[in-house]
Amino acid sequence: MSASLSNEQRHARIWAVIKRIPRGRVATYGQVAAEAGFVKQPRLTAQALRHAPDTLELPWYRVINAQGKLSFPLDSEAYRRARSQLEAEGVIFVRGKVDFEIYRWRPRSAAPVLD
DNA sequence: TGCTTGACCGACG
DNA sequence: ACGTCGGCCAAGC
């Protein structure tokens with residue numbers, strides 16, 4: 001990816017991807033980063049989320065880690081809010097984990113490859 | 001400027 | 001099913 005991209009631009013691209021995650025689906029930090037053009041940089045997604053203004057009203061709770069779990073302490077307010085939001089959208093947790101086979105967001109490829 | 005810290009991830013033991 | 005380790009890279013101090 002371009003190295004001359006400002007962090008603000010990076011965050012903006014990541015926020016744009018997060019906004020595309022539909023109700024009742026989830027995406028991993030790594031998936032979001034890759035979708036935004038930053039392969040193998042899941043931490044950029046975490047960072048973009050930390051810096052996201054509330055006014056954006058991002059569906060932050062739809063971004064979970066690659067283990068299918070929420071990246072918050074079980075006893076935290078963030079965990080409770082994210083989990084109840086997801087459950088309200090129909091996402092089922094089994095032993096604290098979400099089943100990617102069912103709930104993973106599968107965006108349509110923007111550039112279909114034909115051979 | 002250099003070192004530590006993350007809302008992370010995949011490989012390995 | 002864990003815990004550890006290295007890779008990753010911007011922020012904060």
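Quick summary incoming for the structure in this document.

Rules used in this analysis
Residues numbered from 1 in each chain as written. Chains lettered and ligands numbered in written order. Predicted model: local features only at pLDDT ≥ 70, side-chain atom pairs only at ≥ 80, totals over all residues. Heavy atoms only, no water. Near = heavy atom within 4 Å. Polar contact = N/O pair within 3.5 Å; in protein donor to acceptor, adjacent residues only side chain to side chain. Helix = DSSP H or I, 4+ residues; strand = E, 2+ residues; numbered from the N terminus. Salt bridge = Lys/Arg side-chain N within 4 Å of Asp/Glu carboxyl O. Buried < 20%, exposed > 50% of the residue type's maximum accessible area, 1.4 Å probe, protein only. Contact = heavy atoms within 4.5 Å.

Among the 13 residues in the neighbourhood of DNA strand B, the closest are listed as Arg43, Arg50, Asn65, Ala66 and Ser71. Within 4 Å of the protein, the contacting atoms of DNA strand B are 47% sugar and phosphate, with bases supplying the remainder. Separating a base nitrogen of DNA strand B from a side-chain N or O atom of tyrosine 29 is a distance of 3.0 Å. In the environment of DNA strand B, a phosphate oxygen lies 3.3 Å from a nitrogen or oxygen atom belonging to the side chain of arginine 50. When residues of the surface near DNA strand B are traced back to their parent elements, those giving at least two are α2 (29-35) and α3 (42-50).

In this section: the protein's contact with DNA strand C. Around DNA strand C, the structure places Asn7, Arg10, His11, Gln41, Arg43, Gln47 and His51. When atoms of DNA strand C within 4 Å of the protein are split into backbone and base, the sugar-phosphate part holds 76%. Between DNA strand C and asparagine 7, the relevant distance is 3.1 Å, taken from a phosphate oxygen to a side-chain nitrogen or oxygen of the residue. A distance of 3.3 Å separates a base oxygen of DNA strand C from a polar side-chain atom of arginine 43. Taken together, the elements giving at least two residues each to the surface near DNA strand C come down to α1 (7-19) and α3. Counting residues per element, the surface near DNA strand C draws most heavily on α1, which supplies 3 residues.

Our focus in this paragraph is the pattern of salt bridges. With the rule as written, the count across this model stands at 5 salt bridges. Across the pair arginine 23 and glutamate 89 runs a salt bridge, and its minimum N-O distance is 4.0 Å. In this pair, arginine 23 sits in the loop between α1 and β1 (27-28) while glutamate 89 sits in the loop between α4 (77-88) and β3 (93-94), placing the two residues 66 residues apart along the sequence. Judged by relative accessible area, which is 60%, arginine 23 ranks as exposed. Because the salt bridges share partners, they merge into one network encompassing Arg23, Arg62 and Glu89.

With that out of the way, let us pick up the environment of arginine 80. Along the polypeptide, arginine 80 turns up in helix α4. Take arginine 80: its relative accessible area is 43%, and that puts it in the partly exposed class. In this structure, the C-alpha to C-alpha distance between arginine 80 and isoleucine 92, residues 12 residues apart in sequence, is 14 Å. In contact with arginine 80, other than residues within four places in its own chain, are Leu74 and Asp75.

Taken by themselves, the reported measurements are silent on function.
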